[in-house]
Amino acid sequence: MNLSLSDLAPPLRWTSPGQIAPIVEEPQLPEAWWQAIPLDRACAKVGTQTVAGRLADLAVACWGHLMVGDILPLLRFSDPAEAERTPETLGKDMVQKLFSGVFERLLEPAPEAVPAPSVPSAAPVSPAASVPSRPDKPLPELIDDLFGALDDRQRAIARDRLYAAQRATLDELAQRFSVTRERIRQIERDLRDHVEAWLGKPDASALVAHVSWLRGRLGSAVPADDLQAAVPWHRAELRSLGIPAWRFVRTLLTGYEQSDGWLVAGGADELREKTRQLFADGPRPLGEAVTLVTQLGVREDVAERWILAVPQLRVLGQHVVPWPRSINEKAEAVLAVAGAPLSPEEIQERIGEDYSLVGIRNQLTADERFRRVDRNKYGLTRWGGDEYLGIREMIAREIERAGGEASVSTIVTNLTAKYDVSESSVRAYSGGPGFERTQRGWIRVAGTSPTGEAEPYQPRKDVSETRRSFRSRDGRWWHRVDVNAEHLRGSGSPLPTGFAAYLGMAPGGQLTASTPSGDVVISWHNQPTMGSIRNVLADFKASEGDHVFLTVSDGGELLTRYLPAAPVGMPPVNRALYLIGYTAPVSSELEGLRLIGARMGMPDTAAREEVLGRLRERGDRDILGFLGG
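The structure displayed is predicted, hence computed values, not measured ones.

**Looking at the side chain of T515**
Relative to the helices and strands, T515 resides in the loop between β17 (510-513) and β18 (520-524). Polar contacts involving the side chain of T515 include one to the main-chain carbonyl oxygen of G518, which spans 2.4 Å.

**Brief notes about the layout of surface pockets**
Roughly 1000 Å³ of volume is contained in the second largest pocket. Lining of the second largest pocket is provided by 30 residues; of these, P73, R76, F77, L199 and V208 occupy positions nearest its centre. Considering each element in turn, the lining of the second largest pocket owes the most residues, six residues, to helix α17 (residues 205-218). Of the residues contributing to the lining of the second largest pocket, the split by class is 17 nonpolar, five polar and eight charged.

**Quick notes on the nonpolar core**
W63, F99, F103, F147 and F248 are the most contacted members of the largest nonpolar core, which has 80 residues in total. It is helix α6 (residues 48-62) that provides the largest number of residues to this core, a total of seven residues. F99 has contacts with A52, L55, A56, A59, I71, L72 and L75, leaving out every residue within four places of it along the chain.

**Remarks on the environment of P494**
Along the chain, the position of P494 falls in strand β16 (residues 493-494). Overall, P494 belongs to the partly exposed group, its relative accessible area being 46%. In the structure, P494 is positioned 152 residues away from L342 in sequence and 22 Å away in space, judged by C-alpha atoms. Filtering out sequence-adjacent residues up to four positions away, P494 remains in contact with Q527, P528 and T529.

**A word on the pairing of strand β20 (residues 547-552)**
In terms of burial, β20 is largely enclosed, as six of its six residues are buried. Along β20, one buried face is formed by H547, F549 and T551 and the opposite face, lined by V548, L550 and V552, is buried too. Here four bridges tie strand β15 (residues 477-482) to β20, and the two strands are oriented antiparallel to one another. Within β20, the position partnered with V481 by the bridge is V548. As paired elements, β20 and strand β21 (residues 558-563) share six bridges and run antiparallel to each other. Pairing of L550 across the sheet is with T560, part of β21.

**Describing unusual backbone geometry**
Of note, Q312 is a non-glycine position whose phi angle comes to about 70°, a positive value. By the element assignment, Q312 lies in the loop between α22 (300-309) and β7 (313-316). Residue R468 is not a glycine yet carries a positive backbone phi of 65°. With respect to the helices, strands and loops of the structure, R468 is situated in the loop between β13 (442-445) and β14 (469-471).

**Remarks on empty space enclosed by the protein**
Within the structure shown, the criterion is met by one cavity of 30 Å³ or more. One number sums up the size of the largest cavity: a volume of about 60 Å³. Around the largest cavity, the lining residues are P10, P11, W14, L66, D70, R215, G219, S220, Y256 and A265. Residues belonging to the lining of the largest cavity are distributed by class as follows: six nonpolar, two polar and two charged.

**Overview of the sheet that holds strand β5 (residues 262-265)**
Strand pairing within a sheet occurs via backbone hydrogen bonds; the two strands may be parallel or antiparallel. With antiparallel pairing, three strands are arranged side by side in an open sheet as β1-β5-β4. A single partner strand is all that each edge strand has here, and the edge strands are β1 (221-223) and β4 (256-259). Averaged over all adjacent pairs, the angle separating strand axes in this sheet is 25°, with direction ignored. Of the strand pairs in this sheet, β4 and β5 are connected by four bridges, and their pairing is antiparallel. Counterpart to Q258 in the pairing with β5 is L263.

**Brief notes about the pattern of salt bridges**
Summed over all chains, the structure comprises 40 salt bridges. Ionic pairing is found between D152 and R155, a salt bridge with its closest N-O pair at 2.6 Å. A residue pair is termed a helical-turn pair when its members lie 3 or 4 positions apart in one helix, as D152 and R155 do in helix α14 (residues 152-162) at three residues. On the basis of relative accessibility, which here comes to 58%, the residue D152 falls in the exposed class. Between R181 and D171 there is a salt bridge, with its nearest N and O atoms 2.7 Å apart.

**Quick notes on the side chain of S212**
Here S212 lies in helix α17. Under the relative-accessibility criterion, S212 is labelled buried at 18%. Residues contacting S212, with those up to four places away along its chain left out, are P10, R13 and P73.

**Some thoughts on the packing of aromatic side chains**
Under the criterion given, the structure shown has eight aromatic pairs. Plain terms: the ring middles of Y163 and F248 are 5.4 Å apart, the flat faces sit at 75° to each other, and that makes the pair edge-to-face. Separated by 85 residues along the polypeptide, Y163 in the loop between α14 and α15 (170-177) and F248 in helix α19 (residues 245-252) bring together distant segments of the chain. Ring plane angle 10° and centroid distance 5.1 Å describe the contact between F540 and Y562, whose orientation is recorded as stacked. In this pair, F540 is assigned in helix α31 (residues 534-540) and Y562 in strand β21, connecting sequence segments 22 residues apart. In textbook terms, an aromatic cluster arises when at least three aromatic residues are bridged by ring pairs, as seen for F147, Y163 and F248.

**Brief notes about the packing of helix α5 (residues 39-46) against α6**
Packing of α5 against α6 leaves a shortest axis separation of 6 Å and a crossing angle of 110°. Compared by their axis directions, α5 and α6 come out roughly perpendicular. When α5 is examined against α6, the residues L39, A42, C43 and V46 are found in contact with a partner set consisting of T48, T50 and V51.

So, how was this worked out
- Residues numbered from 1 in each chain as written.
- Predicted model: local features only at pLDDT ≥ 70, side-chain atom pairs only at ≥ 80, totals over all residues.
- Heavy atoms only, no water.
- Helix = DSSP H or I, 4+ residues; strand = E, 2+ residues; numbered from the N terminus.
- Polar contact = N/O pair within 3.5 Å; in protein donor to acceptor, adjacent residues only side chain to side chain.
- 1 Å grid on protein atoms, 1.4 Å probe; cavity = no way out; pocket = protein on both sides within 12 Å on 5 of 7 lines; lining within 4 Å.
- Points joined across faces, edges and corners; volume = space filled by probe spheres on them.
- Nonpolar A, V, L, I, M, F, W, Y, C, P; charged D, E, K, R; others polar.
- Core = buried A, V, L, I, M, F, W, Y, C linked by side-chain atoms within 4.5 Å.
- Buried < 20%, exposed > 50% of the residue type's maximum accessible area, 1.4 Å probe, protein only.
- Contact = heavy atoms within 4.5 Å.
- Pairing = 2+ DSSP bridges.
- Axes fitted to C-alpha atoms, helices over the stretch in contact; angles between N-to-C directions.
- Salt bridge = Lys/Arg side-chain N within 4 Å of Asp/Glu carboxyl O.
- Phe/Tyr/Trp six-rings, centres within 6.5 Å; stacked < 30°, edge-to-face > 60°.
- Parallel < 35°, antiparallel > 145°, perpendicular 65-115°, else oblique.

Here it is, written out as structure tokens:
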């Protein structure tokens, strides 16, 4: 025997030697013995069980997802049932037993030839004995001989059903040949048995060897077109069937599944998931990614194409990155590959999908994985560094770092050097509301002591003066969210400062509110922003135009009340009340105005013009429109 172990086990030919060596090295055998010396010499030196054990170790460690018949194709003839199973399901001991059985049969000494008795010259010779083996015969001719002996009906069923691109149905064939569907099914079964029996004969050994070679060439995943181009004769037409030869050869590659234009050994979904898991920890350089994928048995020359074909992976900037459905995770991948802060416009361009710029900005603001590092730049929080908070907040931060008071000139120098802000803007904010002068050229935060201790945050507008904020009878203030497409897609959304302050927040703070479907994070950087409430809306089966009233309990729970869009034909006063969350009927417009005023914190004695005036100040123009104001 002059066959090495790698001649018999195709995965050894496409797996990295660096991955093989630590598992199968043997002190008594030369380096890379699995391809350097014949199998019989390796077995004679260390024993058949040891060689089979090393190959079994490798199968379990590296090729657990492949069928053992793809690892050692001879198993498909010696033990076809077990050949369809994987090392993961069989376990190492059973795999070793199967492999050693094949090796022992291969290494059995050939029986001595018994001389044939002399035959008188006049004795007839049987036809079978007179047909010599033709190992040098072209393979297409071998296949044509197999089908040439069949009758027309058998060849038609083979051509139009077993090996057709568009398989004829049993009914179509039964009608064509005036037989029953069951008869067609029986002929089909007999044809399969006929081919299977022929493959076990010496005449088919060259084709069997070709299929074994193909398995090694194809690897664990390859574009389906690669089978047609593997050798020139694959595209040749079989005269007996009138089909290209590769269609017949494809049926001999048992264990391969055709999926989305790829031939995949074992389960395609399983190999895709194993590929995705390689990148679960984040982006990898493309060269490194290709090396990782080849360890799954994918040939190096098609590894990048396989990566591109796997859902939820993408090649971005010469890196392979996880590419899930969430816009947040896509933005995170884009920034991780860039390695530097980007603008929302740049992130939108690199994602290259139908996401609105507003939605991307909202997610960058609301998700704690991202940090705004300049006026129009965002990075990853894990990179560290100061956060861009808006000029007023950053001036306050500089004052705090200076111990409660700071020179305006120093503040200007620090902020203009670090951020894309102008000197005139910094000086204008330094002299504006929120700061007070302590001495010539020095300022502190208004309302603080010289030591920098701050008074509770006071928004410019109280919650009662805040648009879409309404008080219920129990004293709680609720904020109305008018559901739009961005909410349904999972984008974050701004909250009014008056309502955020009512919840106990202040600039730079964060509040996490719990819901049965997951937490909602409200953060206050440049402005208060509420994270995605898509899960909450999904629980209500909400649509665009619906309304959700929400607040946060003292225990940190997000409380919600859902109202579908107002019915068509509802009277104007009732439409106005609907927008404050009141759905019961009222006897008059006067009663409606009293209820609206009470929900804004006004006394019951407030006049009509006072209620309308408060709505104008708050900016509730939708309610005003229904009241004729």
